[in-house]
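Summary of the model geometry
This is what each chain is made of:
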Amino acid sequence: MAYKDLHENPFDESTIAKLEIFEDYAQAWIPTFVMNGAETICIFDFFSGTGYDKNNVEGSPIRILKKIKEQIGNIFQKKVKIKVYFNEWEPNKKVQNKFQLLEKACIDFLNENKDVARAIDLKIFNENFETLFLKLLPFIKLYPSLVYLDQNGIKFLSEKYFLELEKIKQTDFLYFVSAGYFWRFGDSNEFKSHFDIDITEAKKDPYKFIHRKVIEQMRKKLPLKTQLKLYPFSLKKGSNIHGIIFGASHPRAVDKFLSIAWKRNEVNGQANFDIDDDAKKDQLLLFGEQKLTKKNEFKQNVRNKILNKEIKNNFELLDYTFEEGHIGNHAAECLKEMKKNGEVIYDSTSPLVTYDNVYKLKKKLEYKL
Ligand SMILES: C[S@@+](CC[C@H](N)C(=O)[O-])C[C@H]1O[C@@H](n2cnc3c(N)ncnc32)[C@H](O)[C@@H]1O
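Residues numbered from 1 in each chain as written. Predicted model: local features only at pLDDT ≥ 70, side-chain atom pairs only at ≥ 80, totals over all residues. Heavy atoms only, no water.

Applying the stated criterion to the full structure yields 30 salt bridges. Measuring nitrogen to oxygen at the nearest pair gives 3.3 Å for the salt bridge that ties E159 to K221. On the criterion of sequence distance, the pair formed by E159 in helix α7 (residues 159–166) and K221 in the loop between α11 (210–220) and β6 (229–237) is long-range, its members being 62 residues apart. Residue E159 is classed as partly exposed on the basis of its relative accessible area, which comes to 31%. For K221, a relative accessible area of 23% puts it in the partly exposed group. Across the pair K295 and E333 runs a salt bridge, and its minimum N-O distance is 3.8 Å. (Salt bridge = Lys/Arg side-chain N within 4 Å of Asp/Glu carboxyl O. Helix = DSSP H or I, 4+ residues; strand = E, 2+ residues; numbered from the N terminus. Buried < 20%, exposed > 50% of the residue type's maximum accessible area, 1.4 Å probe, protein only.)

It is worth spelling out the domain arrangement of the protein at this point. You can read the domains of the protein as domain 1 (13–264) and domain 2 (278–360). A straight line from the C-alpha centre of domain 1 to that of domain 2 covers 31 Å. Taken residue by residue, the interface counts 10 residues in domain 1 and nine residues in domain 2. Summed over both partners, the interface of domain 1 with domain 2 buries about 910 Å², with 70% contributed by carbon and sulfur atoms. On the domain 1 side of the contact with domain 2, P251, D255 and W262 bury the most area, a combined 54% of that side's loss. At the junction of domain 1 with domain 2, the criterion picks out one salt bridge. (Domains from an automatic or database assignment. Contact = heavy atoms within 4.5 Å. Buried area = accessible area lost by both parts, 1.4 Å probe.)

Our focus in this paragraph is the environment of L163. Mapped onto the secondary structure, L163 falls in helix α7. For L163, a relative accessible area of 22% translates into the label partly exposed. Placed 177 residues apart in sequence, L163 and K340 show a C-alpha to C-alpha distance of 46 Å. Ignoring anything within four residues of it in the chain, the contact list for L163 reads K221, L222 and P223.

On to the site of the ligand, then. If you check the shell around the ligand, you find 22 residues, and the closest are H7, S60, E88, N128 and D150. One of the side-chain N or O atoms of H7 is found 2.7 Å from an oxygen atom in the ligand. Within the side chain of E88, one N or O atom sits 2.7 Å away from an oxygen atom of the ligand. Considered on its own, the ligand offers 600 Å² of accessible surface; in the complex 95% of this is hidden by protein. Taken together, the residues of the shell around the ligand sort by class into eight nonpolar, nine polar and five charged. (Near = heavy atom within 4 Å. Polar contact = N/O pair within 3.5 Å; in protein donor to acceptor, adjacent residues only side chain to side chain. Areas by Shrake-Rupley, 256 points an atom, 1.4 Å probe, with all protein chains shown as cover. Nonpolar A, V, L, I, M, F, W, Y, C, P; charged D, E, K, R; others polar.)

A separate point is helix α4 (residues 97–112). Helix length check: α4, at 16 residues, gives a terminal C-alpha distance of 23 Å against a target of 22 Å (1.5 Å per residue), a fit within 8%. Elements that come into contact with the buried residues of α4 comprise α2 (60–70), β2 (81–87), α5 (114–119) and β3 (120–125). (Expected span 1.5 Å × (residues − 1).)

For the rest of this paragraph, the subject is unusual backbone geometry. One non-glycine residue, N92, lies in the positive phi region at around 60°. Inspection of the secondary structure assignment puts N92 in the loop between β2 and α4. With a phi angle near 65°, K309 is a residue other than glycine that sits in the positive phi range. Within the element layout of this structure, K309 appears in the loop between α14 (294–307) and α15 (314–323). Relative accessible area serves as the criterion here: at 54%, K309 is assigned to the exposed category.

Here the focus is the nonpolar core. Judged by nonpolar contacts, the single largest core of 71 residues is most densely connected at Y25, I68, I120, L174, F257 and Y367. No other element matches the 11 residues that helix α1 (residues 13–35) contributes to this core. Counting only domains with at least three residues in this core, you end up with domain 1 (13–264) and domain 2 (278–360). With residues near it in sequence (within four places) discarded, Y367 still touches I306, K312, N313, N314, L317, L335, V344, I345, Y346, P351 and V353. (Core = buried A, V, L, I, M, F, W, Y, C linked by side-chain atoms within 4.5 Å.)

Working definition: the strands of a sheet are paired by backbone hydrogen bonds and lie parallel or antiparallel to each other. Spatial strand order, β3-β2-β1-β4-β5-β7-β6: seven strands in an open sheet with mixed pairing. Since the sheet does not close on itself, it has two edges, and those belong to β3 and β6, each with one partner. Along the sheet, successive strands turn relative to each other by an average axial angle of 10°, direction set aside. As judged from the six bridges shared by β2 and β3, these two strands associate in the parallel manner. Its bridge partner lying in β3, N87 is registered against F125. Sitting on the sheet, α11 touches β5 (171–177), β6 and β7 (240–248), and the angle it makes with β6 is about 160°. (Pairing = 2+ DSSP bridges. Axes fitted to C-alpha atoms, helices over the stretch in contact; angles between N-to-C directions.)

What follows covers the pairing of β2. Regular strands place side chains that alternate from one sheet face to the opposite one. For β2, the tally of buried residues reaches five of seven residues, placing the bulk of the element in the interior. Alignment of strand β1 (residues 40–45) against β2, held across six bridges, turns out to be parallel. Following the sheet pairing, T40 is matched in β2 by K81.

In structure tokens:
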């Protein structure tokens, strides 16, 4: 099927939202490894585009370079090598204009930012992702890597790519997927050959949830004991639903992505629109039961799990929180309310539901009834 060329027009609002999430993640990811003294780290942008849009708004590769620039002092001080891999390839085109624009954009940027040029080893490819992915996979496996897969459409969601990424514990990835296409074409053999989705199951919920549904079905394809966690961020563009799929095995990565997602949307942490109609739920109902907002429903579940002793300490609580796609703060709010109401006691001023307390400092705190 034919896809619209993203670079024919200036980036629209939802494309910019996507790019901002991409760059926010780079901003969180780069210093984590730089400050931990990693010897080498890698960033792969397999679908880089042209560098800038028609209005000179930066695309993913330039945004990545700028995030490296922000950390340049620490990078030199800690002597971290940064390998950057960009790729742009237009199918069926003899003259690869977009690749040439990408090359020029990067050369110009590095000429103007000689410190970044000295800090990184940049390789720019002009190859079909299908072959390049296999070629670069050994390098993705070698070092802590951040992988961007900003494809057109859905084709490269195929298991042969994402199940390879699943195996690599120190790789975080961000996919872009035109999830809404599944709704329309998910039954066709062409779509099934890339990603076989149970479209009857997916269509049990309204269209706006299609991106979530795609991820639910991806999860079913993962190995039984996988450590990989997948999170959606749905992006509404006109009447279409697209979205980001974030994947990582390490709780630190999950913590960072969820913080970015909840900062972007404080109501649902999962979309650039009110996907669960939370605004309506906030209005008092005159008749019938009031529905809980996503955050309040989570807090109610936490409270029940504490009261029935399914969750007994901050270690269990943080894991449950991430599993549910929430951030530590939401769980902490609930625990503080419970403490105030005399429902729980813990020997600390805060309930310690943070990544640092649980995974870094390994400070265990028991919650007693
Ligand atoms: C959604 S755009 C990426 C946008 C880019 N991240 C940016 O910020 O400008 C997808 C890009 O992938 C390129 N592309 C399409 N098929 C490809 C393939 N098989 N391998 C590599 N690149 C491909 C397209 O030319 C297009 O520029």
